[in-house]
Amino acid sequence: MAKLATIYGGSGFVGRYIAQKLAADGWRVRVAVRRPNEAMHVKPYGVPGQVEPVLCNIRDDASVAAVMKGADAVINCVGTFDARGRNNFEAVQHEGAERVAKAAAAEGVANMVHISALGVDADADSQYAESKRVGEEGVLKHFPNATILRPSVIFGIEDGFFNRFAAMSRFGPIMPIFGGKTRFQPVYVEDVAMAAVMGAEGKAQGTYELGGPEVKPLSEWVGVMLDSVHRFRLVPNLPLWIGRIVGWGFDVASMATFSLFSNKILTRDQVKQLRHDNVVSQDAKSFADLGIEPVAAEAVIDSYLWRYRPNGQFDAIRDSAKNLRAH
């Protein structure tokens, strides 16, 4: 019988790519999510019945354990950028991750993979980074042989990195940013998924820091994005102290409206994270130890950022028309 994997958060940005790769390798896949009716897009990843969304709330012990029954591998992709509410950093990235590991150990699951993030070892006061750090500790407490993956900022069709800045580029000639000198090492979502599958198959063990082949400051990555969308913008790098004020304003607006305004623009916690580079440590296990050659951002982003160009998919036609000779 085909092996079974349960992916918590398997319908999200990273999880869906892991589900696709596992299905392609012949695994049966349970995609554990809070709203299975909104995760039907995962079903075509395999033959009928091979990939199924199932109801699960990572904050509930019985729910987590139920969808893990009979699983050979467990992968936790659940994460959040919400510091408030019931699904906050502590509930999801610490308690939720530990709950999955505890249930996996009790169930006798062979392999567990936990998706964390770069920067959890940094000397930062970010709530996000701290919740990731204690989440890792909780996972290893119950499942010492778990595979921990710490990716840098992840890019791909559905990403919140290049897409976010590309959307901003459509509004005027000036595009201010914060943390322009902070270095990032964007990693392709397919590469992260490949590493996760290796962990699920028992071919990787330990903690791996995952970054792409290039390291650049944020301002230069914004420049790469602007080249892709065929736009010229002035990109002033504003001081982080201004960012803290802006983030505070958006956070207050969210609290004052009881989260009717959800702050997805800039939070104070995100500004804190921008104080630290987001790159792979020199002595860390990485893609090289997995035999994976990471894909460069420039090789991929044109395939999905074209929609932010002045003429969308017709930009290429317009550019080629310039080469036509007048008869």
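Counting starts from 1 at the beginning of each chain's written sequence and moves along it residue by residue. Local features in this predicted model are restricted to residues whose pLDDT is 70 or higher, and side-chain atom pairs enter the listing and the counts only when it is 80 or higher, whereas totals over whole chains, interfaces and linings include all residues. Side-chain metrics in this entry use all non-hydrogen atoms of the structure; hydrogen atoms and water are not considered.

Focus: the overall build of the protein chain
Numbering goes from the N terminus for both helices and strands, where a helix is a DSSP run of H or I of at least four residues and a strand is a run of E of at least two. Assigned secondary structure in the protein chain consists of 12 helices and 13 strands. The size measure is the radius of gyration over C-alpha atoms, and the globule rule it meets is 2.2 Å times the number of residues to the 0.38 power. On C-alpha atoms alone, the protein chain measures out to a radius of gyration of 21 Å, which is about the 20 Å that the 2.2 N^0.38 rule sets for 327 residues. Counting only C-alpha atoms and orienting by the principal axes, one finds that the protein chain spans roughly 70 × 50 × 40 Å. Residue contacts are defined here by distance: any two heavy atoms, one from each residue, within 4.5 Å place the two residues in contact. Put simply, of all contacts in the protein chain between residues at least 6 apart along the chain, 76% involve residues at least 24 apart. Accessible surface for the protein chain amounts to roughly 16,000 Å². Of this, 54% is attributable to carbon and sulfur atoms. Charged residues are defined here as Lys and Arg on the positive side and Asp and Glu on the negative side; His and the ends of the chain fall outside this count. Charged side chains are reduced to one point each, which is NZ for Lys, CZ for Arg, CG for Asp and CD for Glu. With 37 positive and 36 negative side-chain charges, the protein chain shows a spacing of 6 Å between the two charge centroids. Here the Shrake-Rupley method, with its probe set to 1.4 Å, supplies the accessible areas, and only the displayed protein chains count as covering residues.

Some points on the environment of D227
When you line up the elements, D227 lands in helix α7 (residues 218-229). For every residue, the accessible area obtained with a 1.4 Å probe (protein chains only) is divided by the maximum for its type, and the residue is called buried under 20%, exposed over 50%, and partly exposed between those limits. Residue D227 is classed as exposed on the basis of its relative accessible area, which comes to 61%. For D227 and E298, which are 71 residues apart along the polypeptide, the C-alpha to C-alpha distance reads 9.8 Å.

Notes on the packing of helix α3 (residues 89-107) against helix α4 (residues 127-142)
Axis lines are fitted through C-alpha atoms, for helices just across the contact stretch, and the angle between N-to-C directions can take any value from 0 to 180 degrees. Remark: α3 packs on α4, axes separated minimally by 8 Å, with the N-to-C direction vectors making an angle of 10°. Classified by the interaxial angle, the pair formed by α3 and α4 is roughly parallel. Here F89, E90, Q93, H94, A97, E98, A101, K102 and A105 of α3 come into contact with α4, specifically with Q127, Y128, S131, K132, V134, G135, G138, V139, K141 and H142. Classifying every residue of the contact of α3 with α4 gives 7 nonpolar, 7 polar and 5 charged. Oblique is the label for any angle not covered by the other classes, which are roughly parallel (under 35 degrees), roughly antiparallel (over 145) and roughly perpendicular (65 to 115). Three categories are distinguished: nonpolar for Ala, Val, Leu, Ile, Met, Phe, Trp, Tyr, Cys and Pro, charged for Asp, Glu, Lys and Arg, and polar for the others, with Gly belonging to the last.

Here we look at the sheet that holds strand β5 (residues 111-115)
Taking strand neighbours across the sheet as the criterion, the 7 strands line up as β3-β2-β1-β4-β5-β6-β11 in an open arrangement whose pairing is parallel. For this open sheet the edge positions go to β3 (51-55) and β11 (206-210), each flanked by a neighbour on one side alone. Adjacent strand axes in the sheet meet at a mean angle of 20° when their direction is disregarded. Pairing between two strands requires that DSSP report at least two bridges joining them. Where strand β6 (residues 147-151) and β11 come together, 5 bridges link them in parallel fashion. The residue bridging P151 from the neighbouring strand is L210, located in β11. Seen against the sheet, helix α6 (residues 189-200) touches β4 (73-76), β5, β6 and β11 and runs at an angle of roughly 155° to β5.

By themselves these figures say nothing about function.
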